[in-house]
Amino acid sequence: MVLQIIRAFVAVAMIYGFSYANQVEVSADSFYADEKAGLGELVGNVLIKKGKNDRLNAKRVKIYFDKKRQPYKYEAISEAKFTILLNDKTYNGSGDVLTYEPKNQTYILKGNAFLHEIDSDKKIFGDEIIVEQLKGIYNVKSKDKEPVKFIFQVEDK
């Protein structure tokens, strides 16, 4: 089980659209695994790097496993920041918590959520940003009656 958890930390790179062709480097201050609870955790200065473009920084990364020991949810907690190359576009993003559900290929940014498509300079701000990659659906929410915010460039003809 511990080997599966360690492999799953490498697989966390898949959260960010990584392919297996590049080397994955994972570092943190500490590693914890609870086989009975189905939980693996990297704590302190977590950095996951894949290839030239993809990075994840957070204070904590948790991976949750089902009874078949398959990861069903990944969480980057506290100051989660990332850069990814996805569908030939580079994205930066951040939030208090970044959750990825591999079965649905759903990304959820919560708390001070921000997503920036670098190439087009499109920016999205909200309290929660949900990206359902398989469906091509983006859902942005705010709290306390604060507006969500979009910034993008428009070409004049």
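Look up a bit, the structure's there.
Structure report, in brief. (Residues numbered from 1 in each chain as written. Predicted model: local features only at pLDDT ≥ 70, side-chain atom pairs only at ≥ 80, totals over all residues. Heavy atoms only, no water.)

Moving on: the nonpolar core. Ranked by size, the top nonpolar core spans 25 residues in total, and within it Leu56, Ala76, Phe82, Leu98 and Ile129 carry the most contacts. Broken down by secondary-structure element, the contributors of at least two residues to this core are strand 3 (39-50), strand 4 (54-65), strand 5 (71-86), strand 6 (89-101), strand 7 (106-117) and strand 8 (122-132). Examining the composition of this core, we find that six residues originate from one element, strand 5, more than from any other. (Core = buried A, V, L, I, M, F, W, Y, C linked by side-chain atoms within 4.5 Å. Buried < 20%, exposed > 50% of the residue type's maximum accessible area, 1.4 Å probe, protein only. Helix = DSSP H or I, 4+ residues; strand = E, 2+ residues; numbered from the N terminus.)

Glancing now at the packing of aromatic side chains. Tallied over the full model, the rule gives four aromatic pairs. On the numbers, 4.9 Å between centres and 40 degrees between planes, the contact of Phe114 with Phe125 is tilted. You can see Phe114 sitting in strand 7 and its partner Phe125 sitting in strand 8, a full eleven residues away along the chain. Connected via pairs of aromatic rings, a cluster forms that spans Tyr74, Tyr100 and Tyr107. Of note, Lys73 hangs over the ring of Tyr64, and the distance from its end group to the ring centre comes to 4.8 Å. (Phe/Tyr/Trp six-rings, centres within 6.5 Å; stacked < 30°, edge-to-face > 60°. Lys NZ or Arg CZ within 6 Å of the ring centre and 35° of its normal.)

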